[in-house]
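# A closer look at the structure
Residue-level listing of the chains:
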Amino acid sequence: MSEWNRHARARTRGVVINPEDLSFREWPERAKEAGLTTIALHDSRAGATIAPILEREEGQRFLEGCQRLGLAVEYELHAVCDLLPRSLFETNPELFRMNDAGERTPDANLCVHSEQALEIVAEAAVRVAKTLRPTTGRYFYWGDDAAPACHCPRCRDLTPADQALLVENRILAALRTLDPHATLAHLTYAYTLIPPSQVRPAPGLFLEFAPGGLHCIEKVEGDASLGTTDRSVKERYFELLDANLEIFDAGQAQVLEYWLDVSAFAGWRKPVTRALDWERRRPAFALDLEAYRSRGIQQFTTFACYADADYVSAFGELPLAEYASAL
Ligand SMILES: [Zn+2]
């Protein structure tokens, strides 16, 4: 690993965008000028929507720009639904999760007590990594977005985070046959906000804390939408972070926030009809940063999805320099 990569791994200051956002062609230049270290591309299809765009002109331009400017490129992916093809359900329902009603279902995730399912997922993760190779050695293969875990008789005593760790430990071992220095994120979000209690993370798994989906695990009083500025809700997220930091190293942990996330702000609807309310978010951003720093966290990234060419031409650029200089 180069000196530069070690630095990038030690202290990420990043943004996470969708591949479609590369229609704003100056993403690498703007990120570099702002002082960011990393741009990650994000989808919910294990990279299936990213790979074709990277082959096109705008994708090539992005990769070349990042390389020229010394920016790290990563891929943050909801992945399980594609790593374990849903088409296998018809012939092999035992690979898939059981719902509360005791029925196998291909709606999301997998049965972590299926050896075959784990093997398929790990092999598929390695295949994806051959195309979407992060420059940092840090990989992100998350469970399906805010989706429940397996409730079969063998899995049901494991928390969703325990189940995620079983999958992640397996994926990391497989990735290391390709990339010996690979590390892998354990996403703490929605069902996996509750820390694991029975499965230990393998060395090389790091915490990625995304404060969203609280309603999946408990009744919420207040605004729990992504990017909330509600301090009482945020304090609850920090309690859950603290519980996770009893298991994961804060020095390696990464926060994945929604400070600049146009997509959630716009309700995931395009065209976006108003500018991100940064003025209103700024005080919460400062408080959040202080809370994370006081816990020893040094690595920060934020979703900035939907800041594409249309958004920038309608509302101007995101405040990347202000964001980056505060980190
Ligand atoms: Zn199961």
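Cut-offs applied
Residues numbered from 1 in each chain as written. Predicted model: local features only at pLDDT ≥ 70, side-chain atom pairs only at ≥ 80, totals over all residues. Heavy atoms only, no water. Helix = DSSP H or I, 4+ residues; strand = E, 2+ residues; numbered from the N terminus. Rg over C-alpha atoms; globule rule 2.2 N^0.38 Å. Buried < 20%, exposed > 50% of the residue type's maximum accessible area, 1.4 Å probe, protein only. Contact = heavy atoms within 4.5 Å. Donors = N, O, S within 2.8 Å, 3.2 Å for Na, K, Ca; no water. Tetrahedral: all angles 85-135°; square planar, octahedral: opposite > 155°, others 65-115°. Core = buried A, V, L, I, M, F, W, Y, C linked by side-chain atoms within 4.5 Å. pLDDT = per-residue confidence, 0-100. Polar contact = N/O pair within 3.5 Å; in protein donor to acceptor, adjacent residues only side chain to side chain. Axes fitted to C-alpha atoms, helices over the stretch in contact; angles between N-to-C directions. Parallel < 35°, antiparallel > 145°, perpendicular 65-115°, else oblique. Left-handed = near helix turned anticlockwise from the far one by under 90°. Nonpolar A, V, L, I, M, F, W, Y, C, P; charged D, E, K, R; others polar.

What the protein chain contains, in helices and strands, is 12 helices and 10 strands. Taking 2.2 N^0.38 as the reference for a compact globule, 327 residues should give roughly 20 Å; the C-alpha atoms of the protein chain span a radius of gyration of 19 Å, in line with that estimate. Taken across its 327 residues, the protein chain has 56% of its residues classed as buried. A sequence separation of at least 24 residues applies to 73% of the contacts in the protein chain between residues at least 6 apart.

So, on to the coordination of the zinc ion. Ideal values differ by geometry: the angle at a metal is 109.5 degrees with four tetrahedral donors, but 90 or 180 degrees with six octahedral donors. Taken together, Cys111 (SG), Cys150 (SG), Cys152 (SG) and Cys155 (SG) make up the full set of protein donors to the zinc ion, lying 2.3 to 2.4 Å away. Considering all four donor atoms around the zinc ion, the spread of angles at the metal, 105 to 115 degrees, places the coordination shape in the tetrahedral class. Within one chain, the residues donating to the zinc ion are spaced in sequence as C-x38-C-x1-C-x2-C. In this pair, the class of Cys152 matches that of Cys155, namely buried.

If you look at the biggest cluster of nonpolar residues, it comprises 111 residues, and the most contacted ones within it are Trp27, Leu83, Tyr141 and Leu318. Looking at which element gives the most residues to this core, the answer is helix H6 (residues 115-131), with nine residues.

A separate point is the confidence of the model for the protein chain. When pLDDT is averaged along the protein chain, the result is 96; 97% of the residues meet or exceed 70. Of the regions scoring below 50 in pLDDT, residues 1-9 engages in 17 contacts with residues more than four places distant in sequence or in other chains.

Turning next to the side chain of His186. Topologically, His186 is positioned in strand E7 (residues 183-188). If we ignore the near neighbours within four places in the chain, the residues touching His186 are Ala161, Ala164, Leu165, Glu168, Phe206, Leu207, Glu208 and Phe248.

Turning our eyes to something else, we now look at the side chain of Thr192. Structurally, Thr192 can be placed in the loop between E7 and strand E8 (205-209). At 2.7 Å, the side chain of Thr192 forms a polar contact with the backbone oxygen of Leu187. Residues in contact with Thr192, not counting those within four places in the same chain, are Pro160, Ala161, Ala164 and Leu187.

Attention now goes to the packing of helix H2 (residues 27-34) against helix H4 (residues 57-69). At a closest axis distance of 8 Å, the pairing of H2 and H4 adopts a crossing angle of 25 degrees. The orientation of H2 relative to H4 falls into the category roughly parallel. Crossing of H2 against H4: the hand is right-handed. Residues Pro28, Glu29 and Lys32 of H2 form the contact with H4, whose own contacting residues are Arg61, Phe62, Gly65, Cys66, Arg68 and Leu69. Class assignment for the residues of the contact of H2 with H4 results in four nonpolar, one polar and four charged.

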